Amino acid sequence: MRKEQSWKEKLELLVILFVLMSFAGWLWEVAIHLVEDGEFVKRGVLSGPWLPIYGAGSVLILLFLGKYDKSPLRLFLLTMGLCGVMEYVTGWYLETVYHTRWWDYSDLRFQIQGRVCLVGLVIFGIGGLLLVYRLAPAASRLLKRIPPKTLEILCLVLILLFAADFCHSIFRPNMGDGITTALTGTLRP
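Anyway, here's the lowdown on the structure attached to this text. Since this is a predicted model, take the numbers as computed values, not measurements.

1. Notes on the overall build of the protein chain
Here comes step 1: Along the backbone of the protein chain there are five helices and four strands.
Here comes step 2: The helix and strand sequence of the protein chain, counted from the amino end, reads α-α-α-β-β-β-α-α-β.
Here comes step 3: For the protein chain, the spread of C-alpha atoms along the principal axes amounts to about 55 × 40 × 30 Å.
Here comes step 4: Looking at the 189 residues of the protein chain, the share that counts as buried comes to 39%.
Here comes step 5: Across the protein chain, contacts joining residues at least 24 apart in sequence account for 72% of those joining residues at least 6 apart.
Here comes step 6: Summing over all exposed atoms, the protein chain offers an accessible surface of approximately 11300 Å²; the carbon and sulfur share of this is 70%.
Here comes step 7: Both charge centroids of the protein chain, one from 19 positive and one from 15 negative side chains, sit 10 Å from each other.

2. Points about the nonpolar core
The tendency in soluble globular proteins is for nonpolar side chains to be buried as a group.
Here comes step 1: In this structure, Ile16, Leu17, Ile61 and Leu62 are the most contacted members of the largest nonpolar core, which totals 25 residues.
Here comes step 2: Going through the elements one at a time, α1 (7-37), α2 (52-65), α3 (72-98), α4 (118-143) and α5 (148-171) are the ones with two or more residues in this core.
Here comes step 3: Excluding residues within four positions of it along the chain, Leu17 makes contact with Ser22, Leu62, Ala136 and Ala139.
Here comes step 4: Val45, Trp102, Trp103 and Cys117 belong to the second largest nonpolar core, which has nine residues in total.

3. Overview of unusual backbone geometry
Here comes step 1: Located in the positive-phi region is Phe110, a residue other than glycine, with phi close to 55 degrees.
Here comes step 2: Looking at where Phe110 falls in the secondary structure, it is placed in the loop between β1 (100-101) and β2 (111-112).
Here comes step 3: Although it is not a glycine, Gln113 adopts a positive phi angle of roughly 50 degrees.
Here comes step 4: Within the element layout of this structure, Gln113 appears in the loop between β2 and β3 (116-117).
Here comes step 5: Relative accessible area serves as the criterion here: at 26%, Gln113 is assigned to the partly exposed category.

4. Notes on a negative patch on the surface
Here comes step 1: A cluster of acidic side chains, namely Glu36, Asp37, Glu39 and Asp177, defines a negative patch on the protein surface.
Here comes step 2: Along the chain, Glu36 turns up in helix α1.

5. Structural notes on the side chain of Arg115
Here comes step 1: Mapped onto the elements of the fold, Arg115 is located in the loop between β2 and β3.
Here comes step 2: Assessed through its relative accessible area of 0%, Arg115 is described here as buried.
Here comes step 3: Side chain to side chain, Arg115 and Glu95 meet in a polar contact 2.8 Å long.

6. Side note on the environment of Ile16
Here comes step 1: Note on placement: Ile16 falls in helix α1.
Here comes step 2: Judged by relative accessible area, Ile16 falls into the buried class, the value being 8%.
Here comes step 3: Here the alpha-carbon distance between Ile16 and Asp69, two residues 53 residues apart in the chain, equals 21 Å.

7. Things to note about the packing of aromatic side chains
Here comes step 1: Counted according to the given criterion, the structure contains seven aromatic pairs.
Here comes step 2: With a centroid separation of 5.8 Å and an interplanar angle of 70 degrees, the aromatic rings of Tyr54 and Phe124 are classed as edge-to-face. Of the two residues, Tyr54 is situated in helix α2 and Phe124 in helix α4; the sequence distance between them amounts to 70 residues.
Here comes step 3: Between Tyr98 and Trp102 the ring centres are 5.7 Å apart and the planes differ by 75 degrees, which places this aromatic pair in the edge-to-face class. Assigned by exposure class, Tyr98 and Trp102 land together as buried.
Here comes step 4: Linked through ring pairs, Phe18, Trp50, Phe162 and Phe166 together constitute an aromatic cluster.
Here comes step 5: The ring of Tyr88 has Arg115 sitting right over it, with the charged end atom 4.8 Å from the ring centre.

Parameters and conventions
Residues numbered from 1 in each chain as written. Predicted model: local features only at pLDDT ≥ 70, side-chain atom pairs only at ≥ 80, totals over all residues. Heavy atoms only, no water. Helix = DSSP H or I, 4+ residues; strand = E, 2+ residues; numbered from the N terminus. Buried < 20%, exposed > 50% of the residue type's maximum accessible area, 1.4 Å probe, protein only. Contact = heavy atoms within 4.5 Å. Areas by Shrake-Rupley, 256 points an atom, 1.4 Å probe, with all protein chains shown as cover. Lys, Arg positive; Asp, Glu negative; His and termini not counted. Charge placed at Lys NZ, Arg CZ, Asp CG, Glu CD. Core = buried A, V, L, I, M, F, W, Y, C linked by side-chain atoms within 4.5 Å. Patch = residues over 30% accessible without salt bridge, like charges linked within 9 Å, V, L, I, M, F, W, Y side chains within 5 Å. Salt bridge = Lys/Arg side-chain N within 4 Å of Asp/Glu carboxyl O. Polar contact = N/O pair within 3.5 Å; in protein donor to acceptor, adjacent residues only side chain to side chain. Phe/Tyr/Trp six-rings, centres within 6.5 Å; stacked < 30°, edge-to-face > 60°. Lys NZ or Arg CZ within 6 Å of the ring centre and 35° of its normal.

What follows is the structure in structure tokens.
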């Protein structure tokens, strides 16, 4: 994010990127499942087509790690660490609250309790570089073309849609074949 942006422009950019990256994460996971298993499965905890862990990770990268843009290696490694902690904590939380797993990397090498794996963290690191160097600057330029009032309304609508889905999904999370696995004695919460 550019320093010369107003707080309102930064907030609007973060809202739009949160939603875009949540949707991109959903598309990514649906595509992986489609390629690996040959079927469409609506991934994620929420009902809508978004995975907020991707959006939240993107926002945190921009807020806390964007200042390391002069050192791509440092940015890459810090992004891997940030995303690893987020994915581990989120997985642990979902398992603890719902006694269910939404992902399990236990069959991969270099993983921690099936919640995070090295290959995933490398992908997140690359994604963080793309976000900081390409996606966020492009989104910022694009948002400047949208009339301010229209952008405000768009952000408000997106926030309300996401909040409604989030509240609904607390009590009725998206679960089922291809989405979740009930915890058994073999999986450690």
